[in-house]
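A closer look at the structure
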Amino acid sequence: MSEPIKIDIWSDIACPWCYIGKRHLEAGLEALGADAPDVEIEYHSFELSPDTPLDFEGSTVEYLADRKGMPVERVEQMLEHVTGVAANAGLEYHFEKVAHTKTLKAHELLHFAKANGKQLELKERLLKAYFVEGGRVNRIDELVGYAVEVGLDADAARDALESGRYASDVQADIAQAGAYGINGVPFFVIDGKYGISGAQPAEVFSQAIAQVSGERVA
């Protein structure tokens, strides 16, 4: 039995294209059907907007217009476009609910979840919380709640967050992204040798995974 194909993904919770890219990858794997190889997916931390305040009080339109210097009309068009792309991927974005914040604590929790075999479940839960429900993904109480929902221990999750035990792992991921020249997410590395940048269509993932699988057999 050969080793699973490793898929490393640099991603941020506050990245709308990261959630879409996650769905496209899943669809690409599903499209392979019976030919789909075993894969092992691991998420790595990336901070898309390090200058984001801990608690921005205002709408997504205000955030992008004020902090990024974009015209309101352009922001509204952009959000409408992203919402449409997300809908095509089966996701119901609610940008009017999004609570903009720094995501470092959420990334720490993802490392805790990885150490306890629940990283993929927590990643999905945090993305849904952020883009669909308007959850505060920087607040320890809310993060512990999400951890419990996916089967993690509340006290252990709280201790991990309050101690900052995984902060260095988050920074190591971010540094690794810099070493690889990754300056935008999502970024997928398949089997350690093929890079896919952005939320590419499902067939791009299907083709890349099938190619890696074929090379292993050859």
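Residues numbered from 1 in each chain as written. Predicted model: local features only at pLDDT ≥ 70, side-chain atom pairs only at ≥ 80, totals over all residues. Heavy atoms only, no water.

Glancing now at the overall build of the chain. If you tally the helices and strands in the chain, you get 9 helices and 4 strands. What you see in the chain, going N to C, is helices and strands ordered as β-α-β-α-α-α-α-α-α-α-β-β-α. With respect to the three principal axes, the spread of C-alpha positions in the chain is 55 × 45 × 30 Å. For the chain, with 218 residues in total, the buried portion stands at 45%. Accessible surface, the chain as shown: approximately 10,400 Å² in total, 50% of it carbon and sulfur. Of the side chains in the chain, 20 bear a positive and 36 a negative charge, and the two mean positions are spaced by 2 Å. (Helix = DSSP H or I, 4+ residues; strand = E, 2+ residues; numbered from the N terminus. Buried < 20%, exposed > 50% of the residue type's maximum accessible area, 1.4 Å probe, protein only. Areas by Shrake-Rupley, 256 points an atom, 1.4 Å probe, with all protein chains shown as cover. Lys, Arg positive; Asp, Glu negative; His and termini not counted. Charge placed at Lys NZ, Arg CZ, Asp CG, Glu CD.)

Attention now moves to the sheet that holds strand β4 (residues 194-197). Strand order in the open sheet made by the 4 strands is β2-β1-β3-β4, with mixed pairing throughout. Strand pairing shows two members of the sheet lacking a second neighbour, β2 (39-45) and β4, which therefore form its edges. Strand-to-strand twist across the sheet, computed as the mean angle between neighbouring axes with direction ignored, equals 20°. Pairing of strand β1 (residues 5-11) with strand β3 (residues 187-190), which is carried by 4 bridges, proceeds in the antiparallel orientation. (Pairing = 2+ DSSP bridges. Axes fitted to C-alpha atoms, helices over the stretch in contact; angles between N-to-C directions.)

Right, let's talk about the pairing of β4 for a bit. Each regular strand displays side chains that alternate between the two surfaces of the sheet. By the bridge criterion, 4 bridges tie β3 to β4 in an arrangement that is antiparallel. Bridging from a neighbouring strand, valine 189 pairs with glycine 195 of β4. Between β3 and β4, which pair antiparallel one after the other, the connecting turn spans 3 residues, and aspartate 191 there sits at a positive phi close to 60°.

This part takes up the layout of surface pockets. In this model, the largest pocket occupies a volume close to 440 Å³. As for the largest pocket, its lining consists of 25 residues, of which Ala14, Cys15, Pro16, Leu48 and Leu64 are closest to the centre. Elements supplying a minimum of two residues to the lining of the largest pocket: α1 (16-31), α2 (60-68), α3 (72-88) and α5 (119-133). Of the residues forming the lining of the largest pocket, the biggest block, 4 residues, is contributed by α2. Residues of the lining of the largest pocket, tallied by class, amount to 15 nonpolar, 6 polar and 4 charged. (1 Å grid on protein atoms, 1.4 Å probe; cavity = no way out; pocket = protein on both sides within 12 Å on 5 of 7 lines; lining within 4 Å. Points joined across faces, edges and corners; volume = space filled by probe spheres on them. Nonpolar A, V, L, I, M, F, W, Y, C, P; charged D, E, K, R; others polar.)

We now examine the packing of aromatic side chains. Applying the stated criterion across every chain yields a total of 9 aromatic pairs. Centroid distance tyrosine 93 to phenylalanine 95: 5.6 Å. Interplanar angle 90°. Geometry classified as edge-to-face. Through a chain of ring-to-ring contacts, three or more aromatic side chains come together here, namely Tyr19, Tyr93, Phe95, Tyr130 and Phe131. (Phe/Tyr/Trp six-rings, centres within 6.5 Å; stacked < 30°, edge-to-face > 60°.)

A few words now on the pattern of salt bridges. This model, assessed by the stated rule, comprises 20 salt bridges. Residue aspartate 159 pairs with arginine 165 through a salt bridge whose shortest N-O separation is 2.2 Å. A residue is classified by how much of its surface remains accessible, and arginine 165, at 41% relative accessible area, is partly exposed. Note that glutamate 215 is salt-bridged to lysine 193, the shortest N-O span being 3.2 Å. Placement of glutamate 215 in helix α9 (residues 202-217) and of lysine 193 in the loop between β3 and β4 is noted, with a sequence separation of 22 residues between them. Using a relative accessible area of 32% as the deciding quantity, one classes glutamate 215 as partly exposed. Via salt bridges that share partners, Lys6, Asp8, Glu42 and Lys114 belong to a single interconnected network. (Salt bridge = Lys/Arg side-chain N within 4 Å of Asp/Glu carboxyl O.)

Moving on to the nonpolar core. Counting 39 residues, the largest nonpolar core has Tyr93, Leu109, Leu122, Leu126, Phe131 and Leu143 as its most contacted members. Broken down by secondary-structure element, the contributors of at least two residues to this core are α1, α2, α3, α4 (104-115), α5, α6 (140-149) and α7 (154-163). Sort the elements by how many residues they give to this core and α5 lands first, with 6 residues. (Core = buried A, V, L, I, M, F, W, Y, C linked by side-chain atoms within 4.5 Å.)

A few words now on the environment of aspartate 141. The topology assignment puts aspartate 141 in helix α6. Between the alpha carbons of aspartate 141 and alanine 157 there is a distance of 10.0 Å; along the sequence they are 16 residues apart.

Right, let's get into α6. Those residues of α6 lying buried are Leu143, Val144, Tyr146 and Ala147. Down the axis of α6, the smallest arc covering the buried residues is 160°, so these residues share one side. Exposed positions of α6 whose direction lies more than 90 degrees from the buried face are Asp141 and Glu149. Residues of α6 that are buried make contact with α4, α5 and α7. Among the residues trailing α6, glycine 151 stands out with phi positive, at a value near 100°. (Arc of directions from axis to C-beta. Contact = heavy atoms within 4.5 Å.)

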